[in-house]
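Analysis of the macromolecular model
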Amino acid sequence: MSTLYITDLDATLLNTSAKISDYTRDTINALMEKGMFFSFATARSDETALAVTEGLCPNVPVAVYTGAFLVDPKSRRKMISHYMNEREIAVVLEAVEKFSQVPIVYSVLDGKERFIYDFSVVSDNVKKFVKTREKSGNRNFPVHGGFEKTLIGDIFYFAFMEPKEALEPIYGFLRDKCNCLFQPDNYTDNWFLEVMSEKATKANAALEIKALLGADRMVAFGDGINDIALLEAADEGYAVANAEKELKAVATGIIDHCDNDAVAKWLWNEWNKSFP
């Protein structure tokens, strides 16, 4: 019986410094050499996900942008893509006009992933975020003329980033109209409100990977509210000790803290119990 093991990255497989330890990297690579199917599902882009997991060599597709894309980790080819439709984009435009908060637009334009923005209308929080992505300058795509001018290419993701109280009314407006996630940023005092295709979820992506592999079972790991559906879709779902209480409530069990290589240690023990 084959099993897909799939994990969130930040504060789950990665430690609280957003790094992968040598132990975690080496242990999981060794397990994959023994035949384990291992993947991850993250809100990160493929570029940042593969950078923070450098040295780890997933042997099956990985899910990025919260499931908007399944990517071959070796070639970085998009295997499955979920773009937003006209209705979903129109709902976000309505929210922008109603609440005067402007997100970054993530789009595939001219064959490249872009994050598109107009500095004259975005907030200082968004500007700071964009500057953290300056190393990915080929993806930065500034435009002029207001938010509607940013709605170009094949859009797959919108990201608002502000303090919680500024985003709560927008979340209240959007949550029943489209697929969105509202959660704190692991590394700043801001919150993220992310909007994407209804098909772009970690749970759906994990099931797509499972189907591609023909795996019989799935075991998942996470820490955040956005991992609830992922754990519920799995045959077994584990929350790290530092996870949100809402995730712990639906988990099969609670494992160690992410700073203690929780996922890698659990996988090693489980594999050696099954294949002594």
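Conventions adopted
- Every chain begins its residue count from 1, and numbering advances along the sequence as written.
- Owing to the predicted nature of the model, reporting of local features is limited to residues with pLDDT of at least 70; listing and counting of side-chain atom pairs is limited to 80 or more, with chain, interface and lining totals taken over all residues.
- As a rule here, side-chain values come from all non-hydrogen atoms in the structure, and water together with hydrogens is ignored.
- To qualify as a helix, a DSSP run of H or I must reach at least 4 residues; to qualify as a strand, a run of E must reach at least 2; elements of each kind are numbered from the N terminus.
- What a helix should span is 1.5 Å times the count of its residues minus one.
- Working definition: with a 1.4 Å probe on protein chains only, accessible area under 20% of the residue-type maximum means buried, over 50% means exposed, and in between means partly exposed.
- A strand pair is defined by DSSP finding two or more bridges across the two strands.
- Axes, fitted as lines to C-alpha atoms, cover a helix only where it is in contact. Angles between the N-to-C directions of the axes lie from 0 to 180 degrees.
- Throughout, a residue-residue contact means that at least one pair of heavy atoms, one from each residue, lies within 4.5 Å.
- One speaks of a salt bridge when a side-chain nitrogen belonging to Lys or Arg is within 4 Å of a carboxyl oxygen belonging to Asp or Glu.

1. A short note on helix α7 (residues 202-213)
In an α-helix, one turn spans 3.6 residues; hence positions three or four apart end up facing the same way. If you check α7, its first and last C-alpha atoms are 17 Å apart, about what 12 residues at 1.5 Å a residue would give, namely 16 Å. K202, A203, A205, A206, E208, I209 and K210 are the residues of α7 that are buried. Count one or two residues on from α7 and you reach G214, which has phi positive near 70°.

2. Observations concerning the sheet that holds strand β5 (residues 78-81)
Across the sheet, three strands lie side by side as β3-β4-β5; this open sheet has antiparallel pairing. Every interior strand has two partners, whereas the edge strands, β3 (62-64) and β5, have only one. In this sheet, neighbouring strand axes are inclined to one another by 25° on average, regardless of whether the strands run parallel or antiparallel. Strand direction decides the pairing type here: β3 and strand β4 (residues 69-71), joined by three bridges, are antiparallel. Residue pairing for β4: V62 is matched across the bridge by V71. On the sheet, α7 packs against β3, β4 and β5 and is oriented at approximately 40° with respect to β4.

3. Points about the side chain of Q183
By the secondary structure assignment, Q183 is in strand β10 (residues 179-184). Looking at Q183, the relative accessible area reads 13%, which means it is buried. Here Q183 is in contact with W191, F192, E194 and N226, once residues within four sequence places are set aside.

4. Some words on the pattern of salt bridges
Where charged atoms of side chains with opposite charge meet at close range, the side chains can pair. With the rule as written, the count across this model stands at 12 salt bridges. For D22, the salt bridge identified is with R25, shortest N-O distance 3.0 Å. You can see D22 and its partner R25 sitting in helix α2 (residues 22-33), three residues apart, about one turn around the helix. In this structure, R25 engages D26 in a salt bridge whose closest nitrogen and oxygen atoms are separated by 3.1 Å. Where salt bridges share partners, they join D46, E47, K78, E113 and R139 into one cluster.

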